[in-house]
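Inside the fold
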Amino acid sequence: MKKLVFATHNLHKLEEIRNILKNHEIVGLPEIGCHEDIVEDADNLQGNAKIKADFVTNRFHLDCFADDTGLEVEALDGAPGVYSARYAGEGCSYHDNVVKLLEALDGVENRKARFRTVIALNLNGEQYFFEGIVNGKILTEEHGDGGFGYDPIFQPDGFDESFAEMNMETKNRISHRGRATAKLVDFLNNYEK
Ligand code: IMP
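No experiment lies behind these values; they were computed from the predicted model shown.

The next point concerns the overall build of the protein chain. Scanning the protein chain from N- to C-terminus turns up five helices and seven strands. Mapped in sequence order, the helices and strands of the protein chain form the string β-α-β-α-β-β-α-β-β-β-α-α. Computed over C-alpha atoms, the radius of gyration of the protein chain comes to 17 Å, within 12% of the 16 Å expected from 2.2 N^0.38 for 193 residues, which places it in the range of a compact globule. Principal-axis analysis of the C-alpha atoms places the extent of the protein chain at approximately 55 × 30 × 25 Å. Counting the 193 residues in the protein chain, one finds 45% classified as buried. Sequence separation of at least 24 residues holds for 53% of the intrachain contacts in the protein chain that already meet a minimum separation of 6. Accessible surface, the protein chain: about 10,200 Å² in total, of which carbon and sulfur atoms supply 47%.

Turning our eyes to something else, we now look at the packing of aromatic side chains. Per the counting criterion, the structure on display carries eight aromatic pairs. Taking 4.8 Å as the distance between ring centres and 65° as the angle between the ring planes, the aromatic pair formed by Phe 115 and Phe 154 counts as edge-to-face. With Phe 115 in strand S5 (residues 112-123) and Phe 154 in strand S7 (residues 154-156), the pair connects residues that are 39 residues apart, well separated along the chain. Accessibility expressed as a relative area gives 7% for Phe 115, which makes it buried. Summarising the aromatic geometry, the rings of Phe 115 and Phe 163 are spaced 6.0 Å apart at their centres and angled 20° between planes, so their arrangement reads as stacked. One end of the pair, Phe 115, is in strand S5; the other, Phe 163, is in the loop between S7 and helix H4 (168-174), and 48 residues separate them in sequence. The pair formed by Phe 115 and Phe 163 is uniform in burial state, with each residue classed as buried.

When S5 meets strand S6 (residues 126-138), the two strands line up antiparallel, connected through 12 bridges. If you follow Ala 113 over to S6, its bridge partner there is Gly 136. As paired strands, S6 and S7 are joined by three bridges and run antiparallel to one another. Each residue of the ladder has a partner; that of Gly 136, found in S7, is Pro 156.

A few words on the site of the ligand. Residues in contact with the ligand amount to 14 residues; listed here are only the nearest, Lys 13, Thr 69, Asp 151, Lys 171 and Arg 177. A distance of 3.0 Å is found between an oxygen atom of the ligand and a side-chain nitrogen or oxygen belonging to Lys 13. In this structure, an oxygen atom belonging to the ligand sits 3.2 Å away from a side-chain N or O atom of Asp 68. Relative to its free-state accessible area of 480 Å², the ligand is covered by the protein chains to the extent of 88%. At the level of secondary structure, the elements contributing two or more residues to the shell around the ligand comprise strand S3 (64-73) and helix H5 (176-189). Here the shell around the ligand is composed, by residue class, of five nonpolar, four polar and five charged.

Scoring rules and cut-offs
- Residues numbered from 1 in each chain as written.
- Predicted model: local features only at pLDDT ≥ 70, side-chain atom pairs only at ≥ 80, totals over all residues.
- Heavy atoms only, no water.
- Helix = DSSP H or I, 4+ residues; strand = E, 2+ residues; numbered from the N terminus.
- Rg over C-alpha atoms; globule rule 2.2 N^0.38 Å.
- Buried < 20%, exposed > 50% of the residue type's maximum accessible area, 1.4 Å probe, protein only.
- Contact = heavy atoms within 4.5 Å.
- Areas by Shrake-Rupley, 256 points an atom, 1.4 Å probe, with all protein chains shown as cover.
- Phe/Tyr/Trp six-rings, centres within 6.5 Å; stacked < 30°, edge-to-face > 60°.
- Pairing = 2+ DSSP bridges.
- Near = heavy atom within 4 Å.
- Polar contact = N/O pair within 3.5 Å; in protein donor to acceptor, adjacent residues only side chain to side chain.
- Nonpolar A, V, L, I, M, F, W, Y, C, P; charged D, E, K, R; others polar.

Take a look at the structure:
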C-alpha cells in the first residue's frame, strides 16, 4: 500500500481521510517523528499548504499533502482569510474570533462570505493543488453549538441552518474541506504511476 503523509497533528482530520482513502496508508506528523511546529508564514492559503507539504517532503523524503483553510468575508476584502485562526490575536480562542468578526460586521449589510480550503500534494516529484469552496453568509448572532471555529455564525447558501446546527455528514458533504478532499481523493484514486 502506498504511504502518504498528511501534514497535520489533528487526529480528527487524519481519521476522516483514512476512512475515505482506503487504498493508501495515511500517516500523520507524529508517526513520522515530526513534532515541530511548521511555521506557516505565507500570505495566502496556497502558500501555507505548500510550506507544510514541502517541509515534510524535503526533510523526510516522503510524499505528502497538507491543507490550509480561511474564511473570506466580502465586506472585509477577504479578511480574515489566511489569518482566520488568529484573527483576534495570537493564542485567541474560537469564540474570540467569532466575537471580533461580529463586531467588524456590526451594521454591515453585505454579509457574504466563503470558506476556502487549499490542499497541496507532493507526489513522485510533482506538486498538485486542489481547492474547495462553500459560499454563504455571516449571521448577526451565534446559532448552534456543534462544529468548531466560525461554524455558529456561518450559514451556507441553500440552507436555513448554520454549520454549527448541521449534522456532521451534511457539513462534510458540502463544506470547503469536504470538497477539496473529494478532489484529492478522486485524483489519487485515478492516479497511475
Ligand atoms: P485550518 O487551516 O484547517 O487550521 O483552519 C484555519 C482556521 O479556519 C481555523 O482555526 C478555524 O478558525 C477556521 N476554520 C477552518 N475550517 C473551519 C470550519 O469548517 N468551520 C469553522 N471554522 C473553520
